[in-house]
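Structural characterization, general
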Amino acid sequence: MSFSNHPIGVFDSGVGGLSVLREMRALMPREDIIYFGDQGHVPYGPRSMKQIQDFSEGITNYLLAQNSKIIVVACNTASAAALKHLRETFPNVQFVGMEPAVKPAAEKTQTGKVGVLATPATFQGALYASVVERFANGVELFQNTCSGLVQQIEMGNLHGDETRRILENALHPMLEKNIDTVVLGCTHYPFVIPLIQKIVGEKVRVIDPAPAVARQVKRLIEAGGAENQNGGRVRFITSGEADSVQRILSTLLGIDSEAESVMWKSDREIAA
Ligand code: DGL
């Protein structure tokens with residue numbers, strides 16, 4: 001049975017995963033994509049691992065029911081808390097997750113000082129500890145959770161005073177430590193790269209892992225011989241309000257697209 005014309009399933013706690021989706025669209029314009037934003041539960045960052053695992057399992061079941069041929073966990077927090085659980089729960093499904101880009105940062109830094117912006121659950125996860133242990137040798141990492149930034153981006157506030165305040169509070173102390181690289185360990189944060197770059201200056205490198213994730217998805221689909229030549233459609237599903245997601249799609253991606261709203265029946269089940 002050919003899965004070529006099946007969609008790629010993508011999910012995030014909210015709109016963050018759209019930073020991965022836009023790279024996938026550029027790289028694979030003939031692929032159908034179904035994007036799920038869990039606005040009904042965002043933010044995931046402060047939540048327990050168990051809750052994030054339950055939500056991720058429920059969303060994966062929903063995306064598989066839509067015939068997704070591969071699942072992209074376009075959320076660092078869900079990847080940290082739930083990727084291992086998902087691979088154990090769905091052993092026959094291919095998953096691509098996020099990993100804080102400490103490796104490229106460590107390879108590129110000249111000062112040996114790197115800032116990492118991510119959520120608390122990402123920093124607490126075994127995945128981040130493993131990435132640091134494997135790749136950060138000799139590099140000093142400065143971490144910040146940018147508390148409240150996910151919510152500002154969910155509201156489309158990419159340039160407002162509160163967004164700027166959160167980022168300046170996170171980045172100024174790192175600049176004083178002479179960082180020359182910033183790792184975006186949350187898929188929401190690429191949407192405020194212009195503001196981040198303005199705060200840190202052009203000499204500081206900002207690393208967004210989304211392009212690398214999109215390339216990995218393409219590699220896996222090609223390896224499986226499941227490329228779609230006749231697709232190109234994107235469906236946007238939300239567990240929140242469809243009209244507010246439609247507005248944010250315009251703000252973040254400049255697209256005018258319908259969104260479909262679904263309801264959670266429990267922490268692990270979305271109503272069909
Ligand atoms: N986009 C999610 C990430 O990459 C944000 C998590 C949250 O909802 O707090 O971690």
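Preceding this paragraph is the structure being described.
Residues numbered from 1 in each chain as written. Predicted model: local features only at pLDDT ≥ 70, side-chain atom pairs only at ≥ 80, totals over all residues. Heavy atoms only, no water.

Things to note about unusual backbone geometry
Looking along the chain, the bond that leaves Val-42 and enters Pro-43 is cis, with omega of 5 degrees. The residue Pro-43 is located in the loop between strand S2 (33-37) and helix H2 (49-65) in this model. Backbone geometry at Asn-67 places phi at a positive 65 degrees, although glycine is not the residue there. Locating Asn-67 in the fold gives a position in the loop between H2 and strand S3 (70-73). Classification of Asn-67 by relative accessible area gives partly exposed; the value is 45%. (Helix = DSSP H or I, 4+ residues; strand = E, 2+ residues; numbered from the N terminus. Buried < 20%, exposed > 50% of the residue type's maximum accessible area, 1.4 Å probe, protein only.)

Points about the nonpolar core
Among the nonpolar cores identified, the biggest contains 54 residues, and Ile-8, Met-24 and Leu-117 are the most heavily contacted of them. Membership of the second largest hydrophobic core comes to 24 residues, among which are Ile-52, Phe-55, Val-73 and Phe-90. (Core = buried A, V, L, I, M, F, W, Y, C linked by side-chain atoms within 4.5 Å.)

Observations concerning the packing of helix H8 (residues 161-176) against helix H9 (residues 193-200)
With their axes 10 Å apart at the nearest point, H8 and H9 run at an angle of 40 degrees to one another. Taken as axis vectors, H8 and H9 run oblique relative to one another. In the crossing of H8 with H9, the sense of the turn from one axis to the other is right-handed. Between H8 and H9, the residues in contact are Thr-163, Arg-164, Leu-167, Glu-168, Leu-171, His-172 and Leu-175 and Leu-195, Ile-196, Lys-198, Ile-199 and Val-200, respectively. Tallied by class, residues from the contact of H8 with H9 come to seven nonpolar, two polar and three charged. (Axes fitted to C-alpha atoms, helices over the stretch in contact; angles between N-to-C directions. Parallel < 35°, antiparallel > 145°, perpendicular 65-115°, else oblique. Left-handed = near helix turned anticlockwise from the far one by under 90°. Contact = heavy atoms within 4.5 Å. Nonpolar A, V, L, I, M, F, W, Y, C, P; charged D, E, K, R; others polar.)

Everything listed here is a matter of coordinates, which is why it stays silent on function.
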